[in-house]
Amino acid sequence: MFRKFLDYIFKYKGNMALVLSVVAGITTIDLILPFFSRQILNVYIPSKNSSAIINGGIIFLVLIIIYTILNFTQAYLGHIWGLRIHQDMRERAFKKLQVLPFDYFDKNKVGIILSRITSDLFVTSEMIHHGLEDVLTFLLVSVVGFILLLQINVSITLLIFAFIFMQLTATALARKHMQNIFRRAREKTSTVYAKLESSISAVRLTRAFANENRELEDFQKGAKLQEKSAKQTNFALASFSAVNNFFTLLLNIVILTISGIAVIKGKINYGDLLAYIVYFNLLMTPMKLIIRSFETIQEGWVSFIRFQELIDEPEPIKNTPNAVEVKEVKGDISFDNVTFTYESGTETVLKHFNLDIPAGKMVALVGPSGVGKTTIAQLIPRFYEITSGNIYIDKIDVRDYDLRSLRENIGYVQQDVVIFWGTIKDNIEYGKLGATDLEIVSAAKHAGIHDFIMSMPDGYNTFVGERGVKLSGGQKQRISLARIFLKNPRVLILDEATSALDNLTEAVIQENIEKLTKNRTVIVVAHRLSTIQQSDEIIVLGKEGIVESGSHNELIKNEEGHYFKLYNAQFNGFIGG
Ligand code: ADP
């Protein structure tokens, strides 16, 4: 872990070198100043040399001006360096999210992922540059200070540094304990973020059920846990800094006592006493900074671990060594002895499942909720990896396709239509990036949405808000269909909306079904039975696998059959799915 951390530190060597040289410059001036004071006290005042004192003052002034400029440079460049590290890590995290399997998103809440990429990474980058600056200052001051003070008196210097060493050891020991507390605190903060995210996205549902109080209660519960955890963190930090301050003050007394006695015994003079006190306080500044920025360092480290966990998440194997790139598939699909269990689930959803779908046919999957209809559909574009068996498209195992070319050949219309923030044109173009305006308009016409788009003031350039709130359900459906017409895949999977209220989906699909099924293999995951009567084949699934199959007309004749029962149940008021 530490090695990976160092990689980030050294990633921007140029910025780092610049910032650390500025810090070194500042520290050098810090170290020179007390030497000057000592010189004035020990030499110039006793010899009554006023011109030397004035010259010293001028040099002092110049040094202070340089010091101020360097201070500004450190603060500015340090943050620029931190920003670059932050952006770099954020981009890596984002790239990683693009390739992570669906399992990852099943297991982790959006809010938690979000907090890892936003607040966590900010804390880490702050820690990297502030932490390093403080450590460097501390090292420089202690090494140079140690050498200079040794010149004055060896035993006093050794004694003082022994005390400092003790304090540092105590700090290091406390570190481990603090780390656990900080980790818990960050987890609780993420939970609050996760709740916030889910509440905001479900705001319509909340209002519809008038469940605002329940949402608030849930939020408060999370917030209470976070508060408790934050209290523990603050308690730990407060005791830590109090003990450290006590040690520092104690050390001041020790130095004053030891060097005071040394002055009386004539071992050192007043100037030396001053040097000891000034150097000690110089040393204490970066040390206090390190202790004060302990929170940043600890939090940053914990955040870095969480970031690294994300980066280290196993990626699905994208392409096998013999992966083939296919421009256009024919569309024969076959499941051969497929067994599948979700990583986050417990029971086996598919057991030795077999199914053949000939190219160009429309096949509907029906059956009670939870039997695995959506799962079957999601396995074709390899959204999840099967446990055993094979899924073939045109007799080639889906795992042997170049993943990109596999997904380019499959259109997947999800249950929830996703309209992202951007123009209508952007939203349709998502089906085929780089499509011409003509293609986009033609796709919109196929989906029956062109006239509506043209009736808007900005036409295709009309902005649709986040989640497409400015569009009606039917319009969103049509835009998502236009995407599919633009993509024009040989295999089309329609995962119907489960909601019985969603007549819109049904109407839109029904209206376009001929155009949709032309020249394609179509798999409809049918939660409702009214949309699928034109299917070439209806596959009825039960817990044990396929229980019945045939066309609507064939199946409906068998009054003892599953389809007949499902059909009647649905049309007599009970809605399955
Ligand atoms: P259907 O589409 O027939 O309603 P699904 O394919 O959605 O059924 O689900 C089949 C089974 O797999 C159910 O028991 C469901 O709880 C489980 N399941 C579905 N999706 C996931 C998932 N992402 N993680 C874990 N289990 C899941």
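For the structure, check the block above.
In this report, the structure presented in the accompanying data block is examined. All figures in this text were calculated on a predicted structure; none of them were measured in a lab.

## Quick notes on the sheet that holds strand E11 (residues 537-542)
Consideration 1: Spatial strand order, E6-E9-E10-E3-E11-E12: 6 strands in an open sheet with mixed pairing. A strand with exactly one partner marks an edge of an open sheet, and here the two such strands are strand E6 (410-413) and strand E12 (545-550). Neighbour-to-neighbour, the strand axes of this sheet turn through a mean angle of 15°, independent of strand direction.
Consideration 2: Here strand E3 (residues 362-366) pairs with strand E10 (residues 521-525) via 4 bridges, running parallel. Bridge pairing links Leu365 to Val525 in E10.
Consideration 3: With respect to the sheet, helix H16 (residues 473-487) is in contact with E6 and strand E9 (491-495), its orientation differing from that of E6 by roughly 175°.

## So, the sheet that holds strand E5 (residues 396-397)
Consideration 1: Ordered in space as E2-E1-E4-E5, the 4 strands form an open sheet in which the pairing is antiparallel. Only two strands of the sheet have a single partner each, and these edge strands are strand E2 (348-357) and E5.
Consideration 2: With 6 bridges connecting them, strand E1 (residues 333-341) and E2 associate as antiparallel partners. For Thr341, the partnering residue across the bridge sits in E2 and is Thr348.

## What about the side chain of Arg382?
Consideration 1: As for its position among the elements, Arg382 is in the loop between helix H11 (373-379) and strand E4 (388-393).
Consideration 2: Apart from the residues lying within four places of it in its own chain, the contact partners of Arg382 are Ile317, Lys318, Val398, Arg399, Tyr401, Leu403, Leu406 and Arg407.

## A look at the site of the ligand
Consideration 1: Neighbouring the ligand are 15 residues; Asp106, Gly370, Lys373, Thr374 and Thr375 lie closest to it.
Consideration 2: The backbone of Val371 places a nitrogen or oxygen atom 3.3 Å from an oxygen atom of the ligand.
Consideration 3: Within the backbone of Gly372, an N or O atom sits 3.0 Å from an oxygen atom of the ligand.
Consideration 4: Within the complex, 70% of the 560 Å² of free accessible area of the ligand lies under protein.

## Quick word on unusual backbone geometry
Consideration 1: A positive phi is found at Asn337, a non-glycine position, where the angle reads about 55°.
Consideration 2: Within the element layout of this structure, Asn337 appears in strand E1.
Consideration 3: Here the phi dihedral of Asp394 falls at roughly 50°; this positive angle occurs in a residue that is not glycine.
Consideration 4: Relative to the helices and strands, Asp394 resides in the loop between E4 and E5.

Cut-offs used in this document
Residues numbered from 1 in each chain as written. Predicted model: local features only at pLDDT ≥ 70, side-chain atom pairs only at ≥ 80, totals over all residues. Heavy atoms only, no water. Pairing = 2+ DSSP bridges. Helix = DSSP H or I, 4+ residues; strand = E, 2+ residues; numbered from the N terminus. Axes fitted to C-alpha atoms, helices over the stretch in contact; angles between N-to-C directions. Contact = heavy atoms within 4.5 Å. Near = heavy atom within 4 Å. Polar contact = N/O pair within 3.5 Å; in protein donor to acceptor, adjacent residues only side chain to side chain. Areas by Shrake-Rupley, 256 points an atom, 1.4 Å probe, with all protein chains shown as cover.

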